[in-house]
Amino acid sequence: MLTARRAEARRSILVQVSSERSYNELYHYCSQFGTIESSHHYRVEGDADGDCHYILLEFSSSAQADAAMQSGVFSTERPGVRARSIFMWFRTGPKPKLIAREEPKRPLALVAGTNAIEEAELNGLLSSAESIDDQVTILYRLTKLNDLGKRLRFLAVRQLESSLQGMFPQAVAHPFGSSVNGYGRMGCDLDVILDLDSRSGEPPDRNSRLVYHTKATNPNERTQVQRQLESIGDVLQLFLPGVNSVRRILKARVPIVKYHHEHLDLEIDLTMNNTAGVYMSELLYLFGQLDARVRPLTFCVRRWAQSVGLTNQTPGYWITNFSLTMLVMYFLQQLSRPILPSINRLIQLSAAASSQQQPSSPPVTRFGEGEAEWAYTFLKNPSIYGSFRSDNESTLEQLLMEFFEFYSQFDFNQRAISLNLGATILKPDHSPMYIVNPLETVLNVSKNVNLEETELFRMQVRNAVWLLEAHGKESSTGTGPGATEPWGLVSLFGPKQQQRITPQMFFTKRMLNVKDIFDEVPVDEPQTTTTQYRNTAVKNQIAAIQRTTKAEIHKLSTGGPRVDARTSSTSLEGTGVKLKRNTKRR
């Protein structure tokens, strides 16, 4: 999949146009460079001048795309850094002749292809579905990252690679995360790992007597990565067309450079030497390929978590989409008839398949002996995709309900989740939620989640069970746009769920505020509000305390003992409580 997407990007250019109506003229002009295989239009919201329109053209070969790119010129009216790239704009040309031009052989595949579906339209389509099972499928199809979104992300990857390959010929940018693992939704960010020498792990040729001179590196690898990322951030900001808002977050646990690409309308996170993200993306992609229900169920759970306020776009102490995905994967592993195998089971299946193909192959490296060894045990084995097939025939509706029921009863206080074993283990520490990192088993994926957010998750899954039971298809008064009662996923994601529930909302309020005991109500003013007591005995006790306290206060203010100005303290008669007094009035 990655190879095919890279090849698409290599054959493509991106052209800014005045609107989608410019396509016919653009098609005829660019056809002189080669055969146009596909074209896609999208719009980026602009400023006061209006929106910006773009058309992505895919040629039949990379040489044709290069020819189109090399034909470009620099504008004398818009001075700027002269950097040749695949990002261009289509200027007005001579007036076309009056000869009627034939229609393009390949029409625009998409118009406004990056626009996500509106909430109201989505809810209308969900309400008109036949069942909750259909609702989950519709939600997945309409909100997942489409073909154009993937193409644009690989254009950003190509721009990164081509800008650095002059100095680093072996530089490779590895996209990872939701953009490539199959769980990305429309508008998701792009995560990229930059490897300046993709062949660094290969053994050198011992027969070669020529050795490259290299620059001495900082002995502290983290400091070296920070310096390199800082310099790459400068290159991005100064020379690459479309890149703006570059932010360098170098003090984080994993140093990153964040930037926005205005032509692609895309937020990009760039890091280096973090291969764990690539392997994790491959693992999630594999899980999604093993069963067709995995991705729709994950999309539904993520959408639910977003609608009830469990997740947040900014990092913090709340649960992340990655942790939610891990919870879904574990749930599918622990079923009596599992839909997904444990990672250790995948390693065994991969070893069996390898031994059948190559009986003399060495034994598979067990998990825990390094990321690369773990990845190559089964992720790089093509036969693993056909090695496991589940006999579980549950529908998406049944799985969604079982997911909420399972975690409403899960013991987060004592147990930790391990996808490697497909089972729970005792928690190694006191983190409120513990999900073992499949790659580095000493780490906790959900270490950032605090106790309040864990309790909130438990409350929300219980609430979701009740909502799905109370608002099923049969309980709705109608279907379609005219339905008066939301049902299924619409009731789960609806506007009523936007208010964030907090654990404090479930605690009973005090019967009485202590301050109210001592509030004096003037006799001549009628008492507007009266405190209601559940118990007559409590009411009488409080009235007695009020009378006694007022009498003591009155005694102190009028007939109390005289205070000698030379003493710095005095005591209340019969109490032994000393009150500090100033010897002089200030």
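Above this text is the structure in question.
Please read all numbers here as calculations on a predicted model, not as lab measurements.

Caption draft 1: Broad picture of the sheet that holds strand E5 (residues 172-176). The mixed open sheet is built from five strands, whose spatial order is E5-E6-E9-E8-E7. The open sheet has two free edges, formed respectively by E5 and strand E7 (243-249), since each of these has just one partner strand. Taken pair by pair, the neighbouring strands of this sheet meet at an average axis angle of 25°, ignoring direction. Contacting strand E6 (190-195), E7, strand E8 (256-261) and strand E9 (266-272), helix H7 (residues 221-239) crosses the sheet at an angle of about 145° to E9. Strands in contact with helix H8 (residues 275-290) are E5 and E6; relative to E5, the strand with the most contacts, it is inclined by about 50°.

Caption draft 2: Local environment of the environment of leucine 190. As for its placement among the helices and strands, leucine 190 is situated in strand E6. Taking relative accessible area as the criterion, leucine 190 reaches 1% and is therefore assigned buried. Along the chain, leucine 190 and serine 178 lie twelve residues apart, while their C-alpha atoms are 7.7 Å from each other.

Caption draft 3: Looking closely at the sheet that holds strand E1 (residues 12-17). Taking strand neighbours across the sheet as the criterion, the four strands line up as E2-E3-E1-E4 in an open arrangement whose pairing is mixed. Either end of the sheet is taken by a strand with one partner, and the two such strands are strand E2 (36-44) and strand E4 (87-89). The sheet shows a mean angle of 25° between the axes of neighbouring strands, direction not considered. Bridging between E1 and E4 involves three bridges; their strand directions are parallel. Of the residues in E4, the one forming a bridge with glutamine 16 is tryptophan 89. Here helix H6 (residues 147-164) sits on the sheet in contact with E1, E2, strand E3 (52-59) and E4, set at roughly 95° to E2.

Caption draft 4: Representation of the side chain of glutamate 58 within the structure. By the element assignment, glutamate 58 lies in strand E3. A polar contact of 2.6 Å, which involves the side chain of glutamate 58, links it to the side chain of arginine 11. There is a polar contact of 2.7 Å between the side chain of glutamate 58 and the side chain of serine 38. Leaving out residues up to four positions away in the same chain, glutamate 58 has contacts with Glu8, Arg11, Ser12, Thr35, Ile36, Glu37, Ser38 and Arg151.

Caption draft 5: Quick look at the nonpolar core. Within the largest apolar cluster, 72 residues are counted, with the highest numbers of intra-cluster contacts made by Phe287, Trp304 and Tyr407. If we ignore the near neighbours within four places in the chain, the residues touching tryptophan 304 are Leu310, Phe404, Phe457, Gln460, Val461, Ala464, Leu492 and Phe493. Grouped together as the second largest cluster of nonpolar side chains are 54 residues, Cys30, Ala65, Phe87 and Ile268 included.

Caption draft 6: Spotlight on a nonpolar patch on the surface. The grouping of Val81, Leu238 and Phe239 at the surface amounts to a nonpolar patch, some 300 Å² of accessible area in total. Mapped onto the secondary structure, leucine 238 falls in helix H7.

Caption draft 7: Structural detail: the environment of alanine 7. With respect to the helices and strands, the residue alanine 7 is situated in helix H1 (residues 2-10). Given the relative accessible area of 30%, alanine 7 is considered partly exposed. Counting along the chain gives 54 residues from alanine 7 to serine 61, while the straight-line C-alpha distance between them is 9.0 Å.

Caption draft 8: View of the pattern of salt bridges. Within this structure, the stated rule accounts for 18 salt bridges. A salt bridge links aspartate 66 to arginine 158; its shortest N-O distance comes to 3.8 Å. Placement of aspartate 66 in helix H3 (residues 62-70) and of arginine 158 in helix H6 is noted, with a sequence separation of 92 residues between them. Given the relative accessible area of 23%, aspartate 66 is considered partly exposed. For aspartate 269, the salt bridge identified is with lysine 258, shortest N-O distance 3.0 Å. Linking aspartate 269 in strand E9 with lysine 258 in strand E8, this pair joins segments that are eleven residues apart in sequence. Residues aspartate 269 and lysine 258 agree in their burial class; the two are buried.

Caption draft 9: Geometry of helix H2 (residues 23-30). Along H2, the residues that are buried comprise Tyr23, Leu26, Tyr27 and Cys30. Across the axial projection of H2, the buried residues extend over an arc of 100°, all falling on one side. Along its buried surface, H2 packs onto E1, E2 and E3.

About the thresholds
Residues numbered from 1 in each chain as written. Predicted model: local features only at pLDDT ≥ 70, side-chain atom pairs only at ≥ 80, totals over all residues. Heavy atoms only, no water. Pairing = 2+ DSSP bridges. Helix = DSSP H or I, 4+ residues; strand = E, 2+ residues; numbered from the N terminus. Axes fitted to C-alpha atoms, helices over the stretch in contact; angles between N-to-C directions. Contact = heavy atoms within 4.5 Å. Buried < 20%, exposed > 50% of the residue type's maximum accessible area, 1.4 Å probe, protein only. Polar contact = N/O pair within 3.5 Å; in protein donor to acceptor, adjacent residues only side chain to side chain. Core = buried A, V, L, I, M, F, W, Y, C linked by side-chain atoms within 4.5 Å. Patch = residues over 30% accessible without salt bridge, like charges linked within 9 Å, V, L, I, M, F, W, Y side chains within 5 Å. Areas by Shrake-Rupley, 256 points an atom, 1.4 Å probe, with all protein chains shown as cover. Salt bridge = Lys/Arg side-chain N within 4 Å of Asp/Glu carboxyl O. Arc of directions from axis to C-beta.

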